[in-house]
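Single-letter residue listing:
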Amino acid sequence: MAKRPKVEIVETLTLTELCEAGGFRAAWIVELTEHGAIEPAAAADDAPRFSPADAAAAIRAWRLHRDLGVNAAGAALALSLIEERDRLARRLRLLEGVEG
Amino acid sequence: MEYRDYYETLGVERAASPEEIKRAYRKLARENHPDVNDDPAATERFKAVGEAYEVLKDPERRAAYDRLGAGRRTGEPFEPPPDWDGGYAFADGGFHHVDPAEMSDFFETLFGRRTGGGFAGGFGGGPGGFEAARRHARLEIDLADAYAGARRRAALRAPELGPEGGVVFRERVYDVEIPKGVAAGDHVRVRDDAGEILFEIAFRAHPVFAVEGRDIRMELPVTPWEAALGGTVRAPTPGGPVDLKIPPGARSGQSLRLKGKGLPGRPPGDLYAALRIVAPPAETAEGRALYERMAREMPFDPRAGMEA
(Lines give C-alpha, C1' and ligand atoms only; values in the text may rest on other atoms or scores of the structure.)
Protein backbone atom coordinates (compact mmCIF):
# COMPACT_ATOMS: atom_id res chain seq x y z
CA MET A 1 0.00 0.00 0.00
CA ALA A 2 1.48 3.33 -1.02
CA LYS A 3 2.02 6.02 1.53
CA ARG A 4 2.28 9.79 1.09
CA PRO A 5 5.14 10.63 3.34
CA LYS A 6 6.79 13.95 3.91
CA VAL A 7 9.81 14.46 1.69
CA GLU A 8 12.80 16.74 1.96
CA ILE A 9 16.10 16.96 0.13
CA VAL A 10 18.92 16.31 2.51
CA GLU A 11 21.79 18.74 2.09
CA THR A 12 24.27 17.12 4.45
CA LEU A 13 24.21 14.23 6.91
CA THR A 14 25.49 14.10 10.46
CA LEU A 15 27.82 11.31 11.52
CA THR A 16 24.99 9.51 13.28
CA GLU A 17 22.67 9.76 10.28
CA LEU A 18 25.38 8.50 7.95
CA CYS A 19 26.28 5.54 10.19
CA GLU A 20 22.63 4.59 10.49
CA ALA A 21 22.06 4.92 6.77
CA GLY A 22 25.04 2.77 5.91
CA GLY A 23 24.88 0.30 8.76
CA PHE A 24 28.42 0.87 10.03
CA ARG A 25 30.19 2.39 13.00
CA ALA A 26 31.99 5.72 13.20
CA ALA A 27 35.34 3.90 13.06
CA TRP A 28 34.73 3.23 9.38
CA ILE A 29 34.25 6.94 8.68
CA VAL A 30 37.44 7.72 10.59
CA GLU A 31 39.35 5.24 8.45
CA LEU A 32 37.99 6.58 5.18
CA THR A 33 38.80 10.13 6.26
CA GLU A 34 42.34 9.11 7.15
CA HIS A 35 42.73 7.67 3.66
CA GLY A 36 41.42 10.84 2.09
CA ALA A 37 38.50 9.02 0.55
CA ILE A 38 36.05 11.48 2.08
CA GLU A 39 36.40 15.01 3.46
CA PRO A 40 33.84 15.86 6.11
CA ALA A 41 33.13 19.54 6.58
CA ALA A 42 32.91 20.99 10.07
CA ALA A 43 29.64 22.70 10.87
CA ALA A 44 29.09 25.58 13.28
CA ASP A 45 29.00 23.24 16.27
CA ASP A 46 32.25 21.53 15.24
CA ALA A 47 30.43 18.28 14.48
CA PRO A 48 31.35 16.82 11.11
CA ARG A 49 28.79 16.94 8.31
CA PHE A 50 28.92 14.86 5.17
CA SER A 51 28.03 15.97 1.67
CA PRO A 52 25.77 13.70 -0.41
CA ALA A 53 28.79 12.66 -2.48
CA ASP A 54 30.81 11.70 0.60
CA ALA A 55 27.84 9.89 2.12
CA ALA A 56 27.34 7.84 -1.04
CA ALA A 57 31.08 7.11 -1.23
CA ALA A 58 31.22 5.98 2.40
CA ILE A 59 28.24 3.67 1.97
CA ARG A 60 29.52 2.20 -1.27
CA ALA A 61 32.98 1.69 0.21
CA TRP A 62 31.40 -0.11 3.14
CA ARG A 63 29.54 -2.49 0.86
CA LEU A 64 32.80 -3.30 -0.96
CA HIS A 65 34.43 -3.96 2.42
CA ARG A 66 31.52 -6.04 3.67
CA ASP A 67 31.01 -8.10 0.52
CA LEU A 68 34.46 -8.31 -1.04
CA GLY A 69 36.76 -7.99 1.93
CA VAL A 70 38.64 -4.85 0.83
CA ASN A 71 40.04 -2.62 3.53
CA ALA A 72 39.53 1.16 3.57
CA ALA A 73 42.57 1.86 1.39
CA GLY A 74 41.47 -0.68 -1.21
CA ALA A 75 37.90 0.56 -1.15
CA ALA A 76 39.06 4.16 -1.65
CA LEU A 77 41.17 3.09 -4.64
CA ALA A 78 38.35 0.98 -6.08
CA LEU A 79 35.86 3.84 -5.80
CA SER A 80 38.04 6.33 -7.63
CA LEU A 81 38.81 3.82 -10.39
CA ILE A 82 35.13 2.92 -10.72
CA GLU A 83 34.24 6.61 -10.96
CA GLU A 84 36.83 7.20 -13.68
CA ARG A 85 35.73 4.08 -15.54
CA ASP A 86 32.09 5.19 -15.43
CA ARG A 87 33.04 8.64 -16.69
CA LEU A 88 34.96 7.13 -19.60
CA ALA A 89 32.13 4.71 -20.35
CA ARG A 90 29.68 7.63 -20.53
CA ARG A 91 31.92 9.51 -22.95
CA LEU A 92 32.36 6.40 -25.04
CA ARG A 93 28.61 5.83 -25.24
CA LEU A 94 28.21 9.42 -26.29
CA LEU A 95 30.87 9.28 -28.97
CA GLU A 96 29.72 5.98 -30.38
CA GLY A 97 26.09 7.02 -30.41
CA VAL A 98 26.04 9.06 -33.62
CA GLU A 99 26.65 7.66 -37.10
CA GLY A 100 29.59 9.41 -38.76
CA MET B 1 10.32 -24.97 -6.90
CA GLU B 2 13.31 -25.31 -9.19
CA TYR B 3 16.58 -27.07 -8.61
CA ARG B 4 19.75 -24.98 -8.57
CA ASP B 5 23.11 -26.44 -9.53
CA TYR B 6 25.39 -24.52 -7.21
CA TYR B 7 28.55 -26.09 -8.64
CA GLU B 8 27.61 -24.84 -12.06
CA THR B 9 26.86 -21.39 -10.66
CA LEU B 10 30.39 -21.16 -9.31
CA GLY B 11 31.91 -22.90 -12.34
CA VAL B 12 33.55 -25.66 -10.31
CA GLU B 13 33.50 -29.48 -10.41
CA ARG B 14 31.43 -31.36 -7.87
CA ALA B 15 34.67 -32.68 -6.39
CA ALA B 16 36.15 -29.19 -6.01
CA SER B 17 38.15 -28.51 -2.86
CA PRO B 18 36.99 -25.87 -0.35
CA GLU B 19 39.87 -23.69 -1.54
CA GLU B 20 38.75 -23.91 -5.16
CA ILE B 21 35.20 -23.10 -4.16
CA LYS B 22 36.30 -20.09 -2.11
CA ARG B 23 38.50 -18.79 -4.95
CA ALA B 24 35.73 -19.20 -7.51
CA TYR B 25 33.24 -17.39 -5.28
CA ARG B 26 35.56 -14.48 -4.55
CA LYS B 27 36.38 -13.92 -8.20
CA LEU B 28 32.74 -13.98 -9.30
CA ALA B 29 31.65 -11.82 -6.35
CA ARG B 30 34.26 -9.23 -7.28
CA GLU B 31 33.24 -9.16 -10.93
CA ASN B 32 29.51 -8.95 -10.34
CA HIS B 33 29.23 -6.81 -7.22
CA PRO B 34 26.48 -4.19 -7.76
CA ASP B 35 28.81 -1.34 -6.80
CA VAL B 36 31.37 -2.46 -9.35
CA ASN B 37 29.10 -3.61 -12.15
CA ASP B 38 25.85 -1.75 -12.75
CA ASP B 39 24.44 -4.30 -15.17
CA PRO B 40 21.26 -5.71 -13.56
CA ALA B 41 22.22 -9.16 -14.85
CA ALA B 42 25.43 -8.89 -12.85
CA THR B 43 23.46 -8.15 -9.69
CA GLU B 44 21.42 -11.30 -10.25
CA ARG B 45 24.63 -13.26 -10.74
CA PHE B 46 26.05 -11.74 -7.56
CA LYS B 47 23.06 -12.98 -5.56
CA ALA B 48 23.26 -16.40 -7.20
CA VAL B 49 26.94 -16.92 -6.43
CA GLY B 50 26.40 -15.71 -2.87
CA GLU B 51 23.67 -18.27 -2.41
CA ALA B 52 25.76 -21.04 -3.98
CA TYR B 53 28.73 -20.21 -1.76
CA GLU B 54 26.58 -20.03 1.35
CA VAL B 55 25.72 -23.69 0.81
CA LEU B 56 28.94 -25.11 -0.60
CA LYS B 57 31.33 -23.42 1.84
CA ASP B 58 29.81 -25.18 4.85
CA PRO B 59 30.73 -28.88 4.99
CA GLU B 60 27.43 -29.95 6.52
CA ARG B 61 25.27 -27.93 4.15
CA ARG B 62 27.38 -29.11 1.22
CA ALA B 63 27.04 -32.74 2.27
CA ALA B 64 23.29 -32.36 2.62
CA TYR B 65 23.11 -30.66 -0.78
CA ASP B 66 25.21 -33.39 -2.40
CA ARG B 67 22.87 -36.01 -0.99
CA LEU B 68 20.09 -34.61 -3.16
CA GLY B 69 21.99 -36.31 -5.95
CA ALA B 70 23.77 -35.21 -9.07
CA GLY B 71 22.50 -35.13 -12.63
CA ARG B 72 19.88 -32.46 -12.11
CA ARG B 73 20.06 -29.15 -13.90
CA THR B 74 19.24 -25.65 -12.75
CA GLY B 75 15.63 -24.89 -13.58
CA GLU B 76 14.36 -28.46 -13.34
CA PRO B 77 11.30 -28.95 -11.14
CA PHE B 78 12.29 -30.27 -7.77
CA GLU B 79 10.71 -31.53 -4.54
CA PRO B 80 12.68 -31.91 -1.31
CA PRO B 81 12.97 -35.50 -0.05
CA PRO B 82 10.36 -36.39 2.61
CA ASP B 83 12.92 -36.92 5.36
CA TRP B 84 14.71 -33.61 4.75
CA ASP B 85 13.44 -31.87 7.84
CA GLY B 86 14.70 -34.48 10.23
CA GLY B 87 18.20 -34.39 8.80
CA TYR B 88 20.96 -32.07 9.80
CA ALA B 89 21.40 -29.60 12.57
CA PHE B 90 23.22 -26.75 10.82
CA ALA B 91 25.63 -25.69 13.46
CA ASP B 92 26.54 -22.36 11.94
CA GLY B 93 23.46 -20.35 12.69
CA GLY B 94 24.07 -17.27 10.66
CA PHE B 95 24.14 -16.40 6.98
CA HIS B 96 27.29 -14.60 5.98
CA HIS B 97 27.25 -14.22 2.25
CA VAL B 98 23.61 -13.78 1.53
CA ASP B 99 20.79 -11.48 2.37
CA PRO B 100 18.03 -13.72 3.73
CA ALA B 101 15.42 -11.57 1.99
CA GLU B 102 16.79 -12.32 -1.47
CA MET B 103 17.14 -16.09 -1.52
CA SER B 104 15.60 -18.43 -4.03
CA ASP B 105 12.72 -20.71 -3.09
CA PHE B 106 15.10 -23.63 -3.42
CA PHE B 107 17.47 -22.21 -0.81
CA GLU B 108 14.66 -21.04 1.46
CA THR B 109 13.08 -24.47 1.54
CA LEU B 110 16.23 -26.50 2.08
CA PHE B 111 18.38 -24.21 4.19
CA GLY B 112 16.29 -21.26 5.19
CA ARG B 113 14.10 -21.29 8.21
CA ARG B 114 15.92 -23.62 10.54
CA THR B 115 18.67 -21.16 11.21
CA GLY B 116 17.72 -18.21 13.34
CA GLY B 117 20.67 -16.02 12.63
CA GLY B 118 20.67 -12.72 10.84
CA PHE B 119 22.80 -11.36 8.04
CA ALA B 120 26.19 -10.88 9.54
CA GLY B 121 27.93 -9.44 6.50
CA GLY B 122 30.56 -10.92 4.22
CA PHE B 123 34.17 -11.17 5.20
CA GLY B 124 34.87 -9.26 8.33
CA GLY B 125 31.49 -9.77 9.88
CA GLY B 126 31.24 -6.04 10.23
CA PRO B 127 29.63 -4.08 12.98
CA GLY B 128 26.10 -2.83 12.59
CA GLY B 129 23.26 -5.22 11.97
CA PHE B 130 21.14 -5.57 8.90
CA GLU B 131 18.42 -3.35 10.26
CA ALA B 132 20.46 -0.19 9.93
CA ALA B 133 21.67 -0.97 6.42
CA ARG B 134 18.12 -1.27 5.12
CA ARG B 135 17.30 2.34 5.84
CA HIS B 136 19.26 3.43 2.80
CA ALA B 137 18.34 2.59 -0.76
CA ARG B 138 19.09 3.73 -4.28
CA LEU B 139 16.33 5.26 -6.33
CA GLU B 140 16.82 5.34 -10.08
CA ILE B 141 14.99 8.07 -11.93
CA ASP B 142 14.92 9.40 -15.48
CA LEU B 143 16.74 12.61 -16.33
CA ALA B 144 13.41 14.22 -17.27
CA ASP B 145 12.22 13.66 -13.69
CA ALA B 146 14.96 15.93 -12.37
CA TYR B 147 13.92 18.73 -14.73
CA ALA B 148 10.22 18.70 -14.09
CA GLY B 149 10.00 16.95 -10.77
CA ALA B 150 8.00 13.73 -10.55
CA ARG B 151 6.38 11.26 -8.23
CA ARG B 152 7.94 7.83 -8.31
CA ARG B 153 7.11 4.63 -6.50
CA ALA B 154 9.92 2.81 -4.74
CA ALA B 155 9.59 -0.55 -3.04
CA LEU B 156 11.83 -1.48 -0.19
CA ARG B 157 12.11 -4.79 1.61
CA ALA B 158 13.06 -4.18 5.20
CA PRO B 159 13.35 -6.45 8.22
CA GLU B 160 10.77 -6.02 10.96
CA LEU B 161 9.80 -7.84 14.11
CA GLY B 162 7.25 -10.50 13.20
CA PRO B 163 4.28 -11.67 15.25
CA GLU B 164 6.20 -14.59 16.80
CA GLY B 165 9.16 -12.41 17.64
CA GLY B 166 11.29 -13.55 14.74
CA VAL B 167 12.52 -11.34 11.96
CA VAL B 168 10.34 -11.05 8.88
CA PHE B 169 10.96 -9.12 5.70
CA ARG B 170 8.19 -6.84 4.66
CA GLU B 171 7.93 -4.90 1.49
CA ARG B 172 6.88 -1.30 1.81
CA VAL B 173 6.01 0.88 -1.13
CA TYR B 174 6.91 4.53 -0.93
CA ASP B 175 5.52 7.29 -3.07
CA VAL B 176 8.56 9.51 -3.42
CA GLU B 177 8.20 13.06 -4.67
CA ILE B 178 11.25 13.85 -6.75
CA PRO B 179 11.93 17.54 -6.28
CA LYS B 180 12.80 19.61 -9.35
CA GLY B 181 16.56 20.04 -9.72
CA VAL B 182 17.64 16.98 -7.79
CA ALA B 183 21.08 15.72 -8.83
CA ALA B 184 22.65 12.27 -8.78
CA GLY B 185 24.03 11.52 -5.35
CA ASP B 186 21.49 13.75 -3.62
CA HIS B 187 19.67 12.06 -0.82
CA VAL B 188 15.97 12.34 -0.32
CA ARG B 189 14.69 11.62 3.16
CA VAL B 190 11.29 10.02 3.34
CA ARG B 191 9.54 9.92 6.68
CA ASP B 192 6.42 8.04 7.54
CA ASP B 193 4.92 6.41 10.61
CA ALA B 194 7.23 3.43 10.31
CA GLY B 195 10.40 5.44 10.39
CA GLU B 196 12.78 6.99 7.97
CA ILE B 197 14.37 5.92 4.71
CA LEU B 198 17.20 7.68 2.94
CA PHE B 199 17.00 7.35 -0.84
CA GLU B 200 20.05 8.06 -2.91
CA ILE B 201 19.14 9.47 -6.32
CA ALA B 202 20.74 7.93 -9.39
CA PHE B 203 19.97 8.60 -13.04
CA ARG B 204 19.10 5.94 -15.54
CA ALA B 205 21.49 5.98 -18.51
CA HIS B 206 20.15 8.15 -21.32
CA PRO B 207 20.95 7.46 -24.97
CA VAL B 208 21.71 11.10 -25.79
CA PHE B 209 22.61 12.92 -22.58
CA ALA B 210 25.39 12.13 -20.15
CA VAL B 211 25.14 13.58 -16.64
CA GLU B 212 28.20 14.83 -14.79
CA GLY B 213 27.23 16.37 -11.50
CA ARG B 214 24.83 19.12 -12.47
CA ASP B 215 26.21 19.42 -16.02
CA ILE B 216 24.83 17.61 -19.05
CA ARG B 217 27.02 16.56 -21.93
CA MET B 218 25.83 15.65 -25.36
CA GLU B 219 27.07 15.22 -28.88
CA LEU B 220 25.53 17.52 -31.47
CA PRO B 221 25.71 16.36 -35.10
CA VAL B 222 26.02 19.20 -37.63
CA THR B 223 26.38 19.36 -41.41
CA PRO B 224 29.65 20.49 -42.98
CA TRP B 225 28.01 23.73 -44.15
CA GLU B 226 26.53 24.48 -40.72
CA ALA B 227 30.04 24.14 -39.28
CA ALA B 228 31.86 26.03 -42.01
CA LEU B 229 29.36 28.86 -42.44
CA GLY B 230 27.96 28.94 -38.93
CA GLY B 231 24.27 29.38 -38.20
CA THR B 232 21.50 28.50 -35.79
CA VAL B 233 20.50 24.90 -35.21
CA ARG B 234 17.78 23.41 -33.02
CA ALA B 235 19.24 21.10 -30.39
CA PRO B 236 17.38 18.76 -28.04
CA THR B 237 18.01 19.26 -24.33
CA PRO B 238 16.47 17.44 -21.36
CA GLY B 239 14.41 20.57 -20.68
CA GLY B 240 13.18 20.95 -24.25
CA PRO B 241 14.69 22.01 -27.61
CA VAL B 242 16.82 25.15 -27.74
CA ASP B 243 18.31 27.21 -30.57
CA LEU B 244 22.05 26.99 -30.65
CA LYS B 245 24.33 29.41 -32.50
CA ILE B 246 27.16 27.64 -34.31
CA PRO B 247 30.10 29.97 -34.90
CA PRO B 248 31.50 29.96 -38.49
CA GLY B 249 34.56 27.78 -38.87
CA ALA B 250 33.46 25.39 -36.15
CA ARG B 251 35.43 22.15 -35.93
CA SER B 252 34.50 18.63 -34.97
CA GLY B 253 35.00 18.03 -31.28
CA GLN B 254 34.58 21.68 -30.42
CA SER B 255 32.37 22.10 -27.35
CA LEU B 256 29.68 24.73 -27.09
CA ARG B 257 28.49 25.65 -23.64
CA LEU B 258 24.86 26.50 -22.90
CA LYS B 259 25.02 28.19 -19.55
CA GLY B 260 22.27 27.25 -17.16
CA LYS B 261 20.77 24.54 -19.38
CA GLY B 262 22.05 21.69 -17.24
CA LEU B 263 20.18 20.33 -14.26
CA PRO B 264 18.04 23.00 -12.58
CA GLY B 265 19.30 24.30 -9.26
CA ARG B 266 21.00 27.15 -7.50
CA PRO B 267 23.14 27.54 -9.50
CA PRO B 268 21.89 25.42 -12.40
CA GLY B 269 24.38 23.27 -14.27
CA ASP B 270 25.50 23.86 -17.84
CA LEU B 271 24.92 21.92 -21.03
CA TYR B 272 27.96 21.08 -23.14
CA ALA B 273 27.35 20.18 -26.78
CA ALA B 274 30.32 18.61 -28.57
CA LEU B 275 30.04 19.22 -32.30
CA ARG B 276 30.41 16.31 -34.66
CA ILE B 277 30.45 17.07 -38.34
CA VAL B 278 28.49 14.48 -40.30
CA ALA B 279 28.98 14.36 -44.07
CA PRO B 280 25.76 13.65 -46.02
CA PRO B 281 25.86 10.46 -48.08
CA ALA B 282 26.26 10.87 -51.87
CA GLU B 283 23.15 8.97 -52.84
CA THR B 284 22.01 10.80 -55.94
CA ALA B 285 23.78 11.84 -59.15
CA GLU B 286 23.50 15.48 -58.08
CA GLY B 287 24.98 14.64 -54.69
CA ARG B 288 27.91 12.87 -56.24
CA ALA B 289 28.44 15.75 -58.66
CA LEU B 290 28.57 18.18 -55.74
CA TYR B 291 31.19 16.07 -54.01
CA GLU B 292 33.25 15.82 -57.16
CA ARG B 293 33.09 19.60 -57.53
CA MET B 294 34.25 20.04 -53.93
CA ALA B 295 37.13 17.66 -54.58
CA ARG B 296 38.15 19.77 -57.58
CA GLU B 297 37.63 23.22 -56.06
CA MET B 298 38.58 22.71 -52.42
CA PRO B 299 42.05 21.22 -52.26
CA PHE B 300 42.33 19.88 -48.73
CA ASP B 301 44.47 17.11 -47.27
CA PRO B 302 43.32 16.07 -43.80
CA ARG B 303 46.25 13.66 -43.60
CA ALA B 304 48.94 16.22 -44.25
CA GLY B 305 51.69 15.96 -41.72
CA MET B 306 50.96 12.38 -40.70
CA GLU B 307 54.18 10.38 -40.76
CA ALA B 308 54.20 6.59 -40.79
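Here the residue numbers are simple positions, counted from 1 along each chain's written sequence. Here the convention is simple: chains get letters from A, ligands get numbers from 1, in the order in which they are written. Confidence filtering applies because this is a predicted model: local features only for residues at pLDDT of at least 70, side-chain atom pairs given and counted only at 80 or more, and all residues used for totals across whole chains, interfaces and linings. Side-chain metrics in this entry use all non-hydrogen atoms of the structure; hydrogen atoms and water are not considered.

Student: Is there a simple way to think about the overall build of chain B in this case?
Tutor: When helices and strands are tallied, chain B shows nine helices and eleven strands. Exposure categories follow from relative accessible area, calculated using a 1.4 Å probe and restricted to protein chains: below 20% of the type maximum is buried, above 50% is exposed, and the middle band is partly exposed. Going through the 308 residues of chain B one by one, you find that 40% of them count as buried. Residues count as neighbours in contact if any of their non-hydrogen atoms are within 4.5 Å of one another. Taking the contacts inside chain B whose residues are at least 6 apart along the sequence as the reference set, 56% of them involve residues at least 24 apart. Of the roughly 17200 Å² that chain B leaves accessible, carbon and sulfur atoms contribute 51%. The way it works is that DSSP assigns letters per residue, a run of H or I at least four long becomes a helix, a run of E at least two long becomes a strand, and they are numbered from the N terminus. A 1.4 Å probe and the Shrake-Rupley method give the accessible areas. Residues count as covered only by the protein chains that appear here.

Student: I tried to follow the overall build of chain A on my own but got confused; where do I start?
Tutor: Of regular secondary structure, chain A possesses four helices and five strands. Beginning at the N terminus, the succession of helices and strands in chain A can be written as β-β-β-α-α-β-β-α-α. By residue count, 33% of the 100 residues in chain A fall in the buried class. Contacts spanning at least 24 positions in sequence make up 55% of the contacts within chain A whose residues lie at least 6 apart. Looking at chain A as shown, the accessible area adds up to about 5800 Å², and 54% of this sits on carbon and sulfur atoms.

Student: Help me understand the sheet that holds strand β11 (residues 271-277) of chain B, please; the structure alone is not making it clear to me.
Tutor: Sheet strands associate in pairs through backbone hydrogen bonding, adopting either a parallel or an antiparallel arrangement. Residues and elements named next belong to chain B. Strand order in the open sheet formed by four strands is β6-β7-β11-β10, and the pairing between neighbours is mixed. Edge positions in the sheet fall to β6 (210-212) and β10 (255-258), since each has one partner strand and no second. Sheet twist, expressed as the average angle between the axes of neighbouring strands with direction ignored, equals 30°. Summarising the sheet, strand β7 (residues 215-222) and β11 pair through seven bridges and their orientation is parallel. Pairing between two strands is assigned when DSSP locates at least 2 bridges connecting them. Helix axes use the C-alpha atoms of the stretch in contact, all axes being lines fitted to C-alpha atoms, and the angles between their N-to-C directions lie in the range 0 to 180 degrees.

Student: How do you make sense of the environment of Arg288 of chain B when you look at a structure like this?
Tutor: All names here are of chain B. Relative to the helices and strands, Arg288 resides in helix α9 (residues 285-297). Overall, the relative accessible area of 42% leaves Arg288 in the partly exposed class. Residues within four places of Arg288 in sequence aside, it is in contact with Ala282 and Glu283.

Student: Looking at this structure, how should I read helix α4 (residues 59-66) of chain B?
Tutor: Helical periodicity: at 3.6 residues per turn, an α-helix aligns residues three or four positions apart in one direction. Residue and element names in this part refer to chain B. By the burial criterion, the buried members of α4 are Arg61, Arg62, Ala64 and Tyr65. For α4, the arc enclosing every buried residue in end-on projection is 165°, short of the 170-degree limit, so these residues lie on one face. Between the side-chain oxygen at the start of α4 and the backbone nitrogen of Glu60 there is a gap of 3.0 Å, and the oxygen is on Asp58. As used here, the arc is the angular range of directions from the helix axis to the C-beta atoms. Any pair of nitrogen or oxygen atoms within 3.5 Å is treated as a polar contact; in protein, a donor-acceptor pairing is required on top of that, and neighbouring residues in sequence qualify only through side-chain atoms on both sides.

Student: How should I be thinking about a nonpolar patch on the surface in this particular structure?
Tutor: On the surface, a cluster of nonpolar side chains totalling about 290 Å² of accessible area is made up of Tyr291, Met294 and Met298 of chain B. Within the secondary structure, Met294 of chain B is located in helix α9. Here, patches come from residues exposed beyond 30% relative accessible area and free of salt bridges, joined within 9 Å for like charges and within 5 Å for nonpolar side chains (Val, Leu, Ile, Met, Phe, Trp, Tyr). Every case where a carboxyl oxygen of Asp or Glu lies within 4 Å of a side-chain nitrogen of Lys or Arg is listed as a salt bridge.

Student: I keep staring at the nonpolar core and nothing clicks. Help me out?
Tutor: Among soluble globular proteins, nonpolar side chains are generally buried collectively. The biggest cluster of nonpolar side chains holds 52 residues, and the ones touching the most others in it are Leu18 and Phe24 of chain A together with Leu10 and Tyr65 of chain B. Per-element tally for this core: the top contributor is helix α3 (residues 52-68) of chain A, with eight residues. Beyond its immediate sequence surroundings of up to four residues, Leu18 of chain A is in contact with Leu13, Phe24, Ile29, Phe50, Ala55, Ala58 and Ile59 of chain A. Buried residues of nine kinds, namely Ala, Val, Leu, Ile, Met, Phe, Trp, Tyr and Cys, make up a nonpolar core once their side-chain atoms join them within 4.5 Å.

Student: How do you make sense of the packing of aromatic side chains when you look at a structure like this?
Tutor: Each pair of aromatic rings is reported with the distance of its centres and the angle of its planes. Residue and element names in this part refer to chain B. Only Phe, Tyr and Trp rings are paired, with Trp represented by its six-membered ring, and only when their centres lie within 6.5 Å; those with planes under 30 degrees apart are stacked, over 60 edge-to-face, the remainder tilted. Inspection of the entire model under this criterion finds eleven aromatic pairs over all chains. When the ring of Tyr7 is compared with that of Tyr65, the centres are 6.1 Å apart and the planes differ by 45°; the resulting orientation is tilted. Of this pair, Tyr7 sits in helix α1 (residues 6-10) while Tyr65 sits in helix α4, and the two are 58 residues apart along the sequence. Pairing Phe78 with Phe106 gives two aromatic rings, centres 5.3 Å apart and planes at 65°, and the pair type is edge-to-face. Of the two residues, Phe78 is situated in the loop between α4 and α5 (105-112) and Phe106 in helix α5; the sequence distance between them amounts to 28 residues. Looking at Phe78, the relative accessible area reads 4%, which means it is buried. Residue class for Phe106 comes out buried when judged on its relative accessible area of 1%. Two limits define a charge over a ring: the Lys NZ or Arg CZ must be within 6 Å of the ring centre, and within 35 degrees of the ring normal. One Lys or Arg, Arg72, reaches over the ring of Tyr3 and ends 5.7 Å from the middle of that ring. Between the NZ or CZ atom of Arg217 and the centre of the ring of Tyr272, over which it lies, the distance is 4.7 Å.

Function cannot be inferred from these measures alone, as they are strictly geometric.
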